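Spelled out, the chains give:
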Amino acid sequence: MYRSIEDFIKDWDAESIGSVKIFSSITESTRNTLVHSNVRSLARLAWHLNQTISEMGKRAGLFNEDTLEHSEIPPTLGELLETYKKYAELLSKTVRSKWTDSSLLDKIEMYGQQWEKGKILRVLIAHQTHHRGQMTVIMRMLGLPVAGLYGPSKEEWAEFGMSAPV
């Protein structure tokens, strides 16, 4: 749970950069590929992360409406990426302008439960991290390069002239 707006903003901004890296590695030819009938496509997962910012932002009282609720996945990856950047930045600015450190203990009804605002911020980051993890596995299965978010990826080890640890 976050107890400081600035701590959240620092983490959110860094995680958003990571999401942009992952989204940027998706190709038009792989965006809608299903690796299994029970696994979402890369474009669907990326769009889900966009929609979650809008949806949770509305539920938390940060946004007046869930503007992406009924929106379809954009026709191009460029549009999907630009939408993500816009909403990630909007979330950051809105949290900073509407909430204070002292309000992070205030509770809000979320999904039939009472969540502290600080928990909402933690869940936003954890949810994004969870789905990015799914995306990187799908990307490996599709032969796409994977960006190292918390350490070098296989491709980045190779750029260093080294083999990735096994």
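Residues numbered from 1 in each chain as written. Predicted model: local features only at pLDDT ≥ 70, side-chain atom pairs only at ≥ 80, totals over all residues. Heavy atoms only, no water.

If you had to explain the overall build of the protein chain to someone new, which residues and values would you point to?
The helix and strand inventory of the protein chain stands at five helices and two strands. Walking the protein chain from its N terminus toward its C terminus, one meets helices and strands in the order α-α-α-β-β-α-α. Rg of the C-alpha trace for the protein chain: 17 Å, near the compact-globule value of 15 Å for 166 residues, within the 12% margin. A principal-axis box enclosing the C-alpha atoms of the protein chain has dimensions of 50 × 35 × 25 Å. Taking the contacts inside the protein chain whose residues are at least 6 apart along the sequence as the reference set, 67% of them involve residues at least 24 apart. Surface summary for the protein chain: the accessible area is close to 8900 Å², and the carbon and sulfur share equals 53%. (Helix = DSSP H or I, 4+ residues; strand = E, 2+ residues; numbered from the N terminus. Rg over C-alpha atoms; globule rule 2.2 N^0.38 Å. Contact = heavy atoms within 4.5 Å. Areas by Shrake-Rupley, 256 points an atom, 1.4 Å probe, with all protein chains shown as cover.)

Hey, could you go over the packing of aromatic side chains for me, with residue numbers and the actual values?
The tally for this structure, following the rule as stated, stands at five aromatic pairs. On the numbers, 5.1 Å between centres and 75° between planes, the contact of F23 with Y84 is edge-to-face. One end of the pair, F23, is in helix α1 (residues 5-24); the other, Y84, is in helix α3 (residues 77-98), and 61 residues separate them in sequence. Across the pair, Y84 and F23 agree in class, each one buried. Aromatic side chains W157 and F160 sit 6.1 Å apart centroid to centroid with 80° between the ring planes, which places their arrangement in the edge-to-face category. Classification of F160 as exposed rests on a relative accessible area of 52%. Taken together, Y2, F8 and W12 form an aromatic cluster joined through their ring pairs. (Phe/Tyr/Trp six-rings, centres within 6.5 Å; stacked < 30°, edge-to-face > 60°. Buried < 20%, exposed > 50% of the residue type's maximum accessible area, 1.4 Å probe, protein only.)

Taken by themselves, the reported measurements are silent on function.
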